[in-house]
Structures are given as C-alpha cells and as structure tokens.
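Close look at the chain arrangement
Given next are the chains, with one letter for each unit.
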Amino acid sequence: MIDKIDLHSHSTASDGTYTPRELALLAAWQDIRALALTDHDTVSGVREFAAACGEYGVEAVAGVEISAQYHKTMHIVGLFVDYEDEVLCEKLDKLRNARAVRNKKMLELLRKNGFDISEADILSQKEGASLSNTGRAHIARSMVEKHYVRSVNEAFEKYLKKGNSCYVKRITYSPEESIRIIKDAGGVAVLAHPVFITEDYDTLYGLAQELKEYGLDGMECYYNCYTERFSKMCADICKKTGLLQSGGSDFHGLNKPDVELGTVSSGYVPYSLLNTIKEQRCL
C-alpha cells in the first residue's frame, strides 16, 4: 500500500463541498494515511474533522489557509495549529467578517452586469452557509446553475478573477502578519502553491528568503498542477533556504472537480515529508 498524505484540503467550513466528516471518510476510502484540513480563514471544521479521522483511522492535521496581502495570489497554510487558540480564532473572525462584506459587493457588481444572483442562491448550496463562510466558488456555481456560464472555471476567467468586472479585492493580513498568526498558534507556516506567484527561480528564491525571515517554515513542493520542473525547483529552493517541503491536492470537491483528494501532479505526497516536518518541529 502506498504511504501517501495530503496536507492541503478544504471542506464545507469554507469553499469545499464535502463536510469535514465526509472528507475524513473519503481519505480513509482512498488509503490516505494523513490528511490536513486547511479551510480558508477558519478552523471551525477541525474539531469534527479530527474526531472523524480518529474513527476512520486517518491521521488528522489541524490546519488553516490564510490569504496574505500581496500583488499576486499568496496563501499561507498553517499546519498543526491549535484550533482552540483564542487569538487565532479572533484574527480569523476578522477575515470572515470581511469575506461577508466582499460577497455582498460582488453580488452588487453581478447584478449591475446583468446576472441575477442572490444571497439565497449562494446560501442554498450548503447547510449552515453564511456570507462569511462562502466565496467566489459558490457564486460561480450559482452562475453555472443559472446557465450564465458553462463552468466554474469560465465564471472565474470571465467575471470573478482579479482584474475582471465582478472581482472585489479582499481585506487581508500582510505575509508577515499571516505567518505570525500561524506561528503564535503553534503552527507550521507553509507557502501554498507558489506557482501562482511566479515560476521564475530567482524571484521565488528571493521571496522564500524574505518570508523565511518572517518565520516561514516550508513551501509546497507538490501540488495538483505543478510540472516536474517546477516541483524540483521548489525542492531545490527549500534545500538551499532550509525550508521544509510540503504539498497537497488543494481538494475542494465539486468546486474543483478535476482535483482528487490525495493526488498531485507527480502522483502523491509521501508520508516521509510529514515525518520530517514533525521531527524538525518537535511535534
């Protein structure tokens, strides 16, 4: 049996379509030894997830994914965070409240552009939904359901992506603040999917050095759309900077139908990476 892990996944606590319990069960079905739940700006699903993983024999990693303020997409994943930490929860609540404001503004822009998408359309997509735990993926799905676009990807590319007519900038913490929030909650801070920032070696190397000065611990060297070249580039930068290697599928269920849990472009993420993280962080 392949000893595989996945250190980047999402549930209905943010913009995934599987509940935390369902995610744990899916991991067990797919023989994933360890799984991290890294929902956007929330740890609200971790308790349910951890309990379910215990039942199904999957090693649970409590995580979160924080969007950082940067000129391109920058996300910092936190692994092994204390999901009951009061300061962490307070900081994440501020981001969730900002998410609700952002969603309302995007709905206004959609209506101005001729799309009849309401709050009810978004909130009907999952149990316990609110404007603070939904996002562009849910808006995109509503656009598909109402036949304005053919796919979630088309909705993003034409209307919801940064720079497009219905995009609204998010309120975020700086990279330094995002890393500090994770570290203060006992977590391991990892730069998520740097392929969306740059594919240039020197640029990424310089960024890795800068973020390490802020306390960054690792970088995702495995992901669902990396080329072999880019994966090796990330691994080399980690070796030179002393960063830990991490990786995961970034599974969102039906919101990213082409991405399978536990699967990355190179096949799978080996458990040895998690062992190294735990050893070096004394976990």
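Up top is the structure.
Now for a description of the structure that goes with this document. As the structure is a prediction and not an experimental result, all values here were calculated from the model.

Quick notes on the sheet that holds strand E8 (residues 269-270)
Sheet architecture is open: 8 strands sit in the order E7-E6-E5-E4-E3-E2-E1-E8, paired in mixed fashion. Looking along the sheet, the strands with just one partner apiece sit at the ends: strand E7 (244-247) and E8. Across 4 bridges, the pairing between strand E6 (residues 218-222) and E7 is parallel. When the bridges of E7 are listed, glycine 218 appears paired with leucine 244. The strands touched by helix H7 (residues 175-184) are strand E3 (59-68), strand E4 (74-79) and strand E5 (188-191); relative to E3, the strand with the most contacts, the crossing angle is about 155 degrees.

Quick look at the nonpolar core
Side chains that are nonpolar tend, in soluble globular proteins, to be buried together. If you look at the biggest cluster of nonpolar residues, it comprises 68 residues, and the most contacted ones within it are Leu79, Leu191 and Leu204. When near neighbours in sequence (up to four residues on either side) are disregarded, leucine 191 contacts Met74, His75, Ile76, Ile197, Leu204, Leu207, Leu211, Leu216, Gly218, Met219 and Glu220.

Considerations on the layout of surface pockets
Counted as a void, the largest pocket has a volume near 1,500 Å³. Thr73, His75, Arg136, Phe156 and Lys256 are, among the 42 residues lining the largest pocket, the residues nearest its centre. Looking at the lining of the largest pocket, the elements with two or more residues in it are E3, E4, helix H3 (86-112), helix H5 (136-145) and helix H6 (152-160). Looking at side-chain class alone, the lining of the largest pocket contains 14 nonpolar, 13 polar and 15 charged residues.

Some words on the environment of asparagine 275
Examined against the element boundaries, asparagine 275 turns out to sit in helix H10 (residues 271-280). When the C-alpha positions of asparagine 275 and asparagine 97 are compared, they lie 36 Å apart, and in sequence the two are 178 residues distant.

Describing unusual backbone geometry
For aspartate 31, which is not glycine, the phi torsion reads 55 degrees and is therefore positive. As for its placement among the helices and strands, aspartate 31 is situated in the loop between helix H1 (20-29) and strand E2 (32-37). The exposure class of aspartate 31 is partly exposed, given its relative accessible area of 41%. Phi at phenylalanine 80 is positive, roughly 60 degrees, even though this residue is not glycine. With respect to the helices and strands, the residue phenylalanine 80 is situated in the loop between E4 and H3.

As for H5
Along H5, the residues classified as buried are Ala137, His138, Ile139, Ala140, Ser142 and Met143. Looking at the packing, one finds that the buried side of H5 touches H3, helix H4 (119-123) and H6. Positive phi shows up at histidine 147, right after H5, with a value of about 65 degrees.

Considering the packing of H1 against helix H2 (residues 46-56)
Orientation of H1 relative to H2, taken along the N-to-C sense of each, is 30 degrees, at an axis distance of 8 Å. When the axis of H1 is compared with that of H2, the two are roughly parallel. Considering the relative orientation of H1 and H2, their crossing is right-handed. Counted together, Pro20, Arg21, Ala24, Leu25 and Ala28 of H1 and Glu48, Phe49, Ala52, Cys53, Glu55 and Tyr56 of H2 form the full contact between these two elements. Taken together, the residues of the contact of H1 with H2 break down into 8 nonpolar, no polar and 3 charged.

So, how was this worked out
Residues numbered from 1 in each chain as written. Predicted model: local features only at pLDDT ≥ 70, side-chain atom pairs only at ≥ 80, totals over all residues. Heavy atoms only, no water. Pairing = 2+ DSSP bridges. Helix = DSSP H or I, 4+ residues; strand = E, 2+ residues; numbered from the N terminus. Contact = heavy atoms within 4.5 Å. Axes fitted to C-alpha atoms, helices over the stretch in contact; angles between N-to-C directions. Core = buried A, V, L, I, M, F, W, Y, C linked by side-chain atoms within 4.5 Å. Buried < 20%, exposed > 50% of the residue type's maximum accessible area, 1.4 Å probe, protein only. 1 Å grid on protein atoms, 1.4 Å probe; cavity = no way out; pocket = protein on both sides within 12 Å on 5 of 7 lines; lining within 4 Å. Points joined across faces, edges and corners; volume = space filled by probe spheres on them. Nonpolar A, V, L, I, M, F, W, Y, C, P; charged D, E, K, R; others polar. Parallel < 35°, antiparallel > 145°, perpendicular 65-115°, else oblique. Left-handed = near helix turned anticlockwise from the far one by under 90°.

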